Amino acid sequence: METRTAVEPGPWRALAQSDRVARLLVLCAGVWLHAADSLMVATLMPDAARELQGVSYMGWTIALYIVGSIVAGATGGVLAMRFGIRQAMTGSATFFSLGCVLSAVAPDIWTVLAGRLMQGLGGGAMLALTFVGIEGLFPARLTGAVMAVISAVWGASAFCGPLIGGIFAHYGMWRWGFGAFAIQALLVAALTVWLLPGGQSDRRDDGPTPYPRLLLLAVAIMAIAAAGNWTSLGLSGASIVTGIAMLVLFFRTDSRAANGLMPRTAGSPRTGTGSGILFVMLLAAGTIAFTVYGPLLLQFRFGVSPLVGGYFVAMESVSWTAAALLVAQASERMEPWVIRAGAVIAAVGAIGLIWAMPHGSLWAIAPLVACLGAGFGAFWAFVLKRTVAATPEAEREKAAAALPTSQLIGYAIGAALTGFYANAAGLTENPTPETVRAVGFWIFAGFVPVLAAGLLMLPRLTSSERASAVEAGRR
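Every value quoted in this text rests on a predicted model; they were computed, and no experiment measured them. (Residues numbered from 1 in each chain as written. Predicted model: local features only at pLDDT ≥ 70, side-chain atom pairs only at ≥ 80, totals over all residues. Heavy atoms only, no water.)

A.B. asks: Quick question: what am I supposed to make of the overall build of the protein chain here?
C.D. replies: Helix and strand counts for the protein chain stand at 20 helices and 0 strands. Each of the three principal axes of the protein chain carries a C-alpha extent, and together these read 80 × 45 × 45 Å. For the protein chain, with 475 residues in total, the buried portion stands at 56%. Within the structure as shown, the protein chain displays about 19500 Å² of accessible surface, and the carbon and sulfur contribution to it stands at 66%. Within the protein chain, one finds 29 positive and 22 negative side-chain charges whose respective centroids are separated by 5 Å. (Helix = DSSP H or I, 4+ residues; strand = E, 2+ residues; numbered from the N terminus. Buried < 20%, exposed > 50% of the residue type's maximum accessible area, 1.4 Å probe, protein only. Areas by Shrake-Rupley, 256 points an atom, 1.4 Å probe, with all protein chains shown as cover. Lys, Arg positive; Asp, Glu negative; His and termini not counted. Charge placed at Lys NZ, Arg CZ, Asp CG, Glu CD.)

So this is what it looks like as structure tokens:
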């Protein structure tokens, strides 16, 4: 008699048929708040800074948001282990909302800055908890589909964030821009209580909060972020070197602590966990240059409007989303190849811009910019999956939270180095065509060693041992 074997539904169908769609809605809302708010503020702050006589402090509205995001992101795994994802996400969304309210009612620029720090802390925690939720609330075989949906939300925020900010700024209502996100954050907090399962993690962390290490991490990121505010190349370089040295010290002391914020092997390229975290950090640092100076250089070279430059940046998010959707159903056997292909595509985009930015046409630049996002979109979900699977059971929440945090750290380092290279190449408010070409060359050429170091993480990250660990975690 013929027997029939049940066919396991694909990840998209399995996700749609499960009770996890509501959980995914909450995670997407957290990502939206973090991403869209940061992009909205970029268009709101000029009006706010002029009204509050704080134009010279505009850069710190971004720097403090990044500092808060990284520090809170580093604690995301510990928060999930100590309070559970639902309680931690609710508290983070509420704290984010309070930060938005503080900026909305600010009588001076210092209050806005305090609010931006609170928004960074709340948003960074929500982002880290989203990745903890992907690991804890969904089976491993759905990771690709879940990440594709979250990537789509991130891509949408790239378009909607600046548009929302522009509308509020156009009508002179920058305070209501912050207010709108305060209301959204409260709605996310309510949805979290309603839709996410309660309870705490089986892997508890009841140790004391490591405030000295958090302070060390905050000062390290502040030193790196401050590099862009120095006019002296010597001070800028010293600030970057000091910040990176403090970061190394943070990872070293954290790995030896009984109550570490990161997995113990987070800084070791000889382990699956460390290679995944370092890979993300190095690739993020090596591909951020276009986001920082690309729109400006396009204006200088081709005379395009700021809007066109902004949509070139948004092209990265769109290509990230498209690639994530394309590879969402990749099999276990194909995952290492997808990671390798994504890494190469991102590196090709960054290296190709070494020539295209100073000498190529807009049509030559556009596909290379798309490669930057497509590479990340291809490998991101599977790097998360394999890094978490390679981590000891007791530290998996920390590993999941460490990946988006390491990405933010990489972006901070990369942005600081990009500014250093641009200033060293002679960038001014009215540069000559020769200077523009020099800047366009060095802000990408200077990251070739960083990209090479990131690619060296691939053999460990994509080894057959990691594949076995992923399969074991899936079961």
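What follows continues from the structure just given.
A.B. asks: Would you mind going over a nonpolar patch on the surface with me for this structure?
C.D. replies: Together, L163, I167, Y171, M173 and W176 line one region of the surface with nonpolar side chains, adding up to about 580 Å² of accessible area. Looking at the element boundaries, W176 is found in helix α8 (residues 174-195). (Patch = residues over 30% accessible without salt bridge, like charges linked within 9 Å, V, L, I, M, F, W, Y side chains within 5 Å. Salt bridge = Lys/Arg side-chain N within 4 Å of Asp/Glu carboxyl O.)

A.B. asks: Explain the pattern of salt bridges to me, please; I cannot follow it from the model alone.
C.D. replies: Between side chains of opposite charge, a pair can form when the charged atoms approach closely. Evaluation of the coordinates by the stated rule reveals 8 salt bridges. When the shortest N-O distance is used, the salt bridge between R213 and D254 registers 2.6 Å. Of this pair, R213 sits in helix α9 (residues 211-226) while D254 sits in helix α10 (residues 233-256), placing them 41 residues apart in sequence. R213 sits in the buried class, given a relative accessible area of 12%.

A.B. asks: It is not clear to me how helix α7 (residues 143-170) should be interpreted in this structure. Could you clarify?
C.D. replies: Each α-helix turn comprises 3.6 residues. Residues three or four places apart therefore point the same way. A rise of 1.5 Å per residue sets the reference length of α7, with its 28 residues, at 40 Å; its end C-alpha atoms lie 40 Å apart and thus fit the reference within 8%. Of all bends in α7, the biggest is about 30 degrees, found at A158, and the proline P162 comes one to four residues later. Two residues or fewer past α7, G172 is found with a positive phi of approximately 65 degrees. (Expected span 1.5 Å × (residues − 1). Bend = angle between axes of the 7 residues up to and from the residue.)

A.B. asks: Can you walk me through unusual backbone geometry in this structure?
C.D. replies: What you tend to see is this: most non-glycine residues have negative phi, and most peptide bonds are trans. A positive phi is found at Q53, a non-glycine position, where the angle reads about 55 degrees. Assignment of secondary structure puts Q53 in the loop between α2 (21-51) and α3 (58-74). Here Q53 falls in the exposed class, since its relative accessible area comes to 74%.

A.B. asks: How do you make sense of the side chain of T462 when you look at a structure like this?
C.D. replies: The topology assignment puts T462 in the loop between α19 (458-461) and α20 (464-474). Within polar-contact distance, the side chain of T462 engages the side chain of R340 at 3.2 Å. Once residues within four sequence positions are removed from consideration, T462 is found in contact with P336, I339, R340 and R386. (Polar contact = N/O pair within 3.5 Å; in protein donor to acceptor, adjacent residues only side chain to side chain. Contact = heavy atoms within 4.5 Å.)

A.B. asks: Honestly, the packing of α2 against helix α6 (residues 109-137) in this entry has me stumped. Any pointers?
C.D. replies: For any two helices packed against each other, one specifies the crossing angle of their axes together with the interaxial distance. Close contact between α2 and α6 brings their axes to 9 Å; oriented N to C, the two are set at 150 degrees. When the axes of α2 and α6 are compared, the pair comes out roughly antiparallel. Relative to α6, α2 is oriented so that their crossing is left-handed. For the pair α2 and α6, contact is made by R23, L27, G30, V31, L33, H34, D37, S38, V41 and M45 and by I109, V112, R116, Q119, G123, G124, M126, L127, T130, G133, I134 and L137, respectively. Taken together, the residues of the contact of α2 with α6 break down into 11 nonpolar, 8 polar and 3 charged. (Axes fitted to C-alpha atoms, helices over the stretch in contact; angles between N-to-C directions. Parallel < 35°, antiparallel > 145°, perpendicular 65-115°, else oblique. Left-handed = near helix turned anticlockwise from the far one by under 90°. Nonpolar A, V, L, I, M, F, W, Y, C, P; charged D, E, K, R; others polar.)

A.B. asks: Looking at this structure, how should I read the nonpolar core?
C.D. replies: Core analysis: the largest hydrophobic core is formed by 143 residues, its most contacted members being F279, F290, L353, I365 and I443. With residues up to four places along the chain from it excluded, the contact list for L353 reads F290, P358, I365, L368, V369, L372, G440 and F444. (Core = buried A, V, L, I, M, F, W, Y, C linked by side-chain atoms within 4.5 Å.)

A.B. asks: Got a minute to help me understand the side chain of S157 in this structure?
C.D. replies: Relative to the helices and strands, S157 is located in helix α7. Setting aside chain neighbours within four positions, we find S157 in contact with W32, A35, A36, L39 and P162.

A.B. asks: Please explain helix α16 (residues 396-424) as it appears in this structure.
C.D. replies: Relative to the 42 Å expected for 29 residues at 1.5 Å per residue, α16 spans 42 Å between its end C-alpha atoms, a close match to the ideal helical length. Along α16, the sharpest change in direction is near 30 degrees and occurs at A402; proline P404 comes one to four residues later. Among the 29 residues that make up α16, 24 are buried, leaving the element largely enclosed by the rest of the structure. Just beyond α16, the residue with positive phi is G426, at close to 95 degrees.

A.B. asks: Help me understand the packing of aromatic side chains, please; the structure alone is not making it clear to me.
C.D. replies: A ring pair, where both rings are aromatic, is described by two values, the distance of the centres and the angle of the planes. Considering all chains together, one arrives at 11 aromatic pairs under this definition. Their ring planes at 55 degrees and their centres at 6.1 Å tell us that W320 and W380 sit as a pair that is tilted. Of this pair, W320 sits in helix α13 (residues 306-327) while W380 sits in helix α15 (residues 362-389), placing them 60 residues apart in sequence. On the basis of relative accessible area, W320 is assigned to the buried category, the value being 18%. (Phe/Tyr/Trp six-rings, centres within 6.5 Å; stacked < 30°, edge-to-face > 60°.)

A.B. asks: Can you walk me through the packing of α2 against α8 in this structure?
C.D. replies: Contact geometry of α2 with α8 gives a least axis separation of 9 Å together with a crossing angle of 165 degrees. Here α2 lies roughly antiparallel to α8, going by the angle between them. Note on packing geometry: the crossing formed by α2 with α8 is left-handed.

A.B. asks: What's the story with the environment of S305 in this structure? I'm lost.
C.D. replies: Structurally, S305 is set in the loop between α12 (289-302) and α13. Each C-alpha atom, one on S305 and one on F131, is 36 Å from the other, the two residues being 174 residues apart in sequence.

A.B. asks: Just checking my understanding: could you explain the environment of T405 for this structure?
C.D. replies: Looking at where T405 falls in the secondary structure, it is placed in helix α16. A sequence separation of 131 residues divides T405 from G274, and the C-alpha atoms of the two residues are 13 Å apart. Look past the residues within four positions of T405 in its chain and what remains in contact with it is I70, G73, A74 and M262. In this structure the side chain of T405 is engaged in a polar contact, spanning 2.9 Å, whose partner is the backbone oxygen of A401.

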